[in-house]
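Descriptive structure summary
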Amino acid sequence: MQFDVSYVSRIMRKIHIFSAMPVLVLMVFFAITGIYLNHPDWKGGDVEKQQQTIALPKSLTDLPDWPTHYASHSLTLLHWLDVEHGVSGVDFEIDWDELDSLVILNLSGPNGSTLVEAFIEEGQAHVDTRRLSLIDMLNNVHRAKHVSGLWRVLSDISAICMVLFSISGFWLVLVNRMERKNANIALLIGSSLFVFIITLMH
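Here the structure is a predicted model, which is why all the values come from computation and not from measurement.

1. Describing the sheet that holds strand β4 (residues 112–119)
Spatially, β1-β5-β4-β3-β2 is the arrangement adopted by the 5 strands of the open sheet, whose pairing is antiparallel. Edge positions in the sheet fall to β1 (48–55) and β2 (91–97), since each of these pairs with one other strand and no more. Strand-to-strand twist of the sheet, defined as the mean angle between neighbouring strand axes without regard to direction, takes the value 15°. The pairing of β2 with strand β3 (residues 102–109) spans 7 bridges and is antiparallel. In the sheet register, Asp-91 faces β3, and the bridge partner there is Ser-108. Against the sheet, helix α4 (residues 66–85) makes contact with β1, β2, β3 and β4, and its axis sits at roughly 135° relative to β2, the strand it touches most.

2. Comments concerning the environment of Ser-191
By secondary structure assignment, the location of Ser-191 is in helix α7 (residues 177–200). Look at Ser-191 and you get partly exposed, because its relative accessible area is 35%. Considering only alpha carbons, one finds Ser-191 and Asn-139, 52 residues apart in sequence, at a separation of 27 Å.

3. Some points on the packing of helix α2 (residues 24–37) against helix α6 (residues 149–174)
At a minimum axis separation of 10 Å, α2 and α6 run at an interaxial angle of 95°. On the basis of the axis angle, α2 is roughly perpendicular to α6. Between α2 and α6, the contacting residues are Leu-26, Met-27, Phe-29 and Phe-30 on the first element and Trp-151, Leu-154, Ser-155, Ser-158, Met-162 and Phe-165 on the second. Tallied by class, the residues present in the contact of α2 with α6 amount to 8 nonpolar, 2 polar and no charged.

Definitions and limits used
Residues numbered from 1 in each chain as written. Predicted model: local features only at pLDDT ≥ 70, side-chain atom pairs only at ≥ 80, totals over all residues. Heavy atoms only, no water. Pairing = 2+ DSSP bridges. Helix = DSSP H or I, 4+ residues; strand = E, 2+ residues; numbered from the N terminus. Axes fitted to C-alpha atoms, helices over the stretch in contact; angles between N-to-C directions. Contact = heavy atoms within 4.5 Å. Buried < 20%, exposed > 50% of the residue type's maximum accessible area, 1.4 Å probe, protein only. Parallel < 35°, antiparallel > 145°, perpendicular 65-115°, else oblique. Nonpolar A, V, L, I, M, F, W, Y, C, P; charged D, E, K, R; others polar.

The structure is reproduced here in structure tokens:
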């Protein structure tokens, strides 16, 4: 059975086109934010800080035995803060301060962080919020820092599409006799530069 180069090329051409289209915006996003990540001295904007004191409802302060069940009770507190005051985060840590009957919640997301100190006996919560600029938030999304699992799946899909895009593009150049020589020279230069720089870093 003879290998049909033209048939494979037609398939590769379709892969090249349709692997890029679904993730075109993502490819541009990763490219632009990658430039910013490569230059951490570029300031994306100021951090917006906000402090507030929130009165806790009796339904929370009256929950039984906070020192023992602070972890589960804190989940109820987190839900209330999210619904009533829009205080939320993708990742969170919970701690209990026995001395002050204090719940400490550290909430983190790509757009910033929030520290909640809930004084159960006093019925108050001090909320300290740090909001990042749009650029810094997008940089965190690029790095998958404090993002949801859905974004990680989308990033994996986009990475697979980018690999298919690159391999199919390499094939299409490889079978093009008119551009093969120049393409191979460009590939050799780029690959050599990459290996050379990586070698210098060690």
